Amino acid sequence: MDIMPPFQSMDGPPRRQNIQTAPTEILLLIFSRLDVPDILAIRLTCRTLYQVSFEKLIWMSLMQEQQRYLPLPEDLLVSLNSLDPHLQSYSSQALESILKHALLVSNAWPRPRKSPPWKIQRQGMNIILAGMDMVLDRWLVVVYSEGAVYLYDTQVSNLGEPGKHVVLRASLDLPWGIMSSHAISLDSTNQKLVLAIACSMPPFQARVYEIELKEMMDDSFRLVRIVIMPSPKTVRALDIKERLVVFSNDSNVELWRWDEEQGHVMRTLMITAQPDNLEELWNGIIAVHFMGPYILTFKARSLELHDYETLLDGRSSGEPTRQSLKQRFAMTFRDVSFSNCSHSRNLISQTITYETTIIAYDAIQGLFQYSVQLTFPTEAASSSALPPSLEVTLIGVYPLSTTHAGIFAVPPSNIFQTPPGSQLSTPSPTYTQPQYIGSSSQRHFSASDSSSRGFVSTGSLGLQGKRAIWVERKRSTTAREVHVWSREPPPPVGESASDGYFSGYQHVPVELGARVVYSVSSYDLRDDITHCTFSELSGKIVLGHRSGDVSILDLDTPT
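Right, let's walk through the structure included here. Each chain carries its own residue numbering, running from 1 in the written order of its sequence. Reporting in this predicted model follows two pLDDT cut-offs: at least 70 for local features of residues, and 80 or more for side-chain atom pairs to be given and counted; totals over whole chains, interfaces and linings ignore these cut-offs and use all residues. As a rule here, side-chain values cover all heavy atoms of the structure and leave hydrogens and water aside.

With respect to the pattern of salt bridges
Part 1 of the reasoning: What counts as a salt bridge is simple: a side-chain nitrogen of Lys or Arg found within 4 Å of a carboxyl oxygen of Asp or Glu. The tally for this structure, following the rule as stated, stands at 20 salt bridges.
Part 2 of the reasoning: Residue glutamate 96 is joined to arginine 43 by a salt bridge in which the shortest nitrogen-to-oxygen separation is 3.0 Å. Placement of the pair is glutamate 96 in helix H6 (residues 92-108) and arginine 43 in the loop between helix H2 (36-42) and helix H3 (47-52), with a sequence separation of 53 residues. There is no split in this pair, since glutamate 96 and arginine 43 are both buried.
Part 3 of the reasoning: With a closest N to O distance of 2.6 Å, aspartate 554 and lysine 540 form a salt bridge. You can see aspartate 554 sitting in the segment after strand E31 (550-553) and its partner lysine 540 sitting in the loop between strand E29 (529-534) and strand E30 (541-545), a full 14 residues away along the chain. Comment: elements are numbered from the N terminus, with helices defined as DSSP H or I runs of at least four residues and strands as E runs of at least two. Throughout, exposure labels follow a simple rule: accessible area from a 1.4 Å probe, protein chains only, divided by the maximum for the residue type, with under 20% read as buried, over 50% as exposed, and the rest as partly exposed.

What follows is the structure in structure tokens.
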């Protein structure tokens, strides 16, 4: 291909330059503007471009761009963002293989699952599912209220049955009470899984187990702590680094350390959620999430951030050293799902920012996707540094009713510290003009079938916040539909953004573009889907039914 006009040589006839003789820097610049399919196609044209297409700089540039919307292996993201920004431990071929697989899954993710789901054989008489979690996009933890926990490996092949790639690796059977809640977490090496599980029947207690994923045996669940409680509590979260297990009731959060010696009183910290004047509307705690030194308490109509780290470290005599923060909502949420928390440091302003993405469910209004950003000064910052700030941005909505035009989020407000022993109160925030989702200047919702939508029975947001699933029960039908959502790639330079995530700087929420990938109709209520989880990397979807059965939907991808 000629890329330059002919020029007169001093010792011969005019010659034409082509792309093969272009400097390597120019070729790398051209390749950096191409997508993966274009690079794979252009490398077939000639030997020069074939060799250039394997340059590591090209694939690193693509990785930097596509990590914004494609789920990638966790160890790669850690290297890319902190430990090894030049990805020295990855070859060009390895990066290419990772990106090709990510695009393969991305293309297949919104497509209907043609192959029927297959069920995991239930063990024993367990019929009431308490929850399911996918860990490291491989390990499936299934918890039953009757006192059973099963750990499955979902990345096993050659089992002799077409389509079957799951095997039971470890199990735990408890004879006591009814298990009402659980929480799981991984250590920093991704080799140890910690499970905390609570009983809602006397004697009230919670147990903490450790599971070594690398050395799986029949007795892999190792009991490390039993917590005796005076009343039933819900276990919400775990922090393995600090060895904390978090419990809650309607208005309080308790943090317990499990590394104390058995028989000694465990050191606890109680955080009292702030009271609200909501005209007697229920505003109980429905979820808890760690954000750096803060703990995020998500309630039915608000969220709060409280500093707990300084209290645990003994650096404060009873009062946190950082302000608490609060955000009120106009909706009443019944469930919420979090992505992993990321953080960044600004050396100029001497601040640290933590960010997480959440999807919250209002039974009447629909699903709401928010970005939560917490910014506070570093310890090295001066005393005149800005106080901690909280920014909650509505990114997208999946409306379930036609009355979504008036939905908006109340601006956040700070909750300043109060002297010990005084009555806590919530200050009146300064309200700004709300951004109505359905206003004529900001309407990004189509006149879709929201009037015919029903209710969401369960949902889950991926830990990287780039994909989500939910199950919708349609009105006036027996259909249960599995919807999938994925973050859209950014628009080309010069074009406007249609994805709320990338147009977030405009604070314009958009309708979440979901696709139905599986639907089943049945009059049997035992076929209702009450729990779900999935692998962001492989696209494998796991559904839990009211009957206690667990079924798996695999992607229809070329082998």
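Okay, back to it.
Observations regarding the sheet that holds strand E28 (residues 515-521)
Strand-to-strand pairing in sheets goes through backbone hydrogen bonds, with the strands running parallel or antiparallel.
Part 1 of the reasoning: Taking strand neighbours across the sheet as the criterion, the four strands line up as E24-E25-E26-E28 in an open arrangement whose pairing is antiparallel. Strands with a single pairing partner mark the edges of an open sheet, and in this sheet they are strand E24 (455-461) and E28. Across the sheet, the mean angle from the axis of one strand to that of its neighbour is 15 degrees, orientation sign disregarded.
Part 2 of the reasoning: Here E24 pairs with strand E25 (residues 467-473) via six bridges, running antiparallel. Considered in E25, the bridge of glycine 459 is made with tryptophan 470. We treat two strands as partners when DSSP finds at least two bridges between them. To get an axis, a line is fitted to the C-alpha atoms, and for a helix only the part in contact is used. The angle between two axes follows their N-to-C directions and goes from 0 to 180 degrees.

Focus: helix H1 (residues 24-32)
Three or four residues apart is the spacing at which side chains of an α-helix point the same way, because the helix has 3.6 residues per turn.
Part 1 of the reasoning: Turning to H1, its buried residues number three or more, namely Leu27, Leu28 and Phe31. Buried residues along H1 cover an arc of 100 degrees about the axis, so they all sit on one side.
Part 2 of the reasoning: Check the buried side of H1 and you find it contacts H2, H3 and helix H4 (56-66). The arc refers to the directions leading from the helix axis to the C-beta atoms. In this analysis, two residues are considered to be in contact whenever any of their non-hydrogen atoms come within 4.5 Å of each other.

Some words on the packing of aromatic side chains
Part 1 of the reasoning: What counts as a ring pair is set by centres within 6.5 Å for rings of Phe, Tyr and Trp (its six-membered ring), and what kind of pair is set by the plane angle: stacked under 30 degrees, edge-to-face over 60, tilted for all other angles. Enumeration over the complete set of coordinates arrives at 17 aromatic pairs.
Part 2 of the reasoning: An angle of 85 degrees between the planes, with centres 6.3 Å apart, marks the rings of phenylalanine 333 and tyrosine 370 as edge-to-face. Residue phenylalanine 333 is found in strand E18 (residues 333-338), and its partner tyrosine 370 is found in strand E21 (residues 366-377); the two are separated by 37 residues along the sequence. The same class applies to phenylalanine 333 and to tyrosine 370, which are both buried.
Part 3 of the reasoning: Taken together through their ring pairs, the aromatic side chains of Phe298, Phe329, Phe333, Phe338, Phe368 and Tyr370 make up a single cluster.
Part 4 of the reasoning: For a ring to carry a charge above it, either NZ of a lysine or CZ of an arginine must fall within 6 Å of the ring centroid while also lying within 35 degrees of the normal to the ring plane. Positioned above the aromatic ring of phenylalanine 54 is the side chain of arginine 43, whose terminal nitrogen or guanidinium carbon lies 4.0 Å from the ring centre.
Part 5 of the reasoning: In this structure, arginine 467 packs its charged tip against the face of tryptophan 109, placed 5.4 Å from the ring centre.

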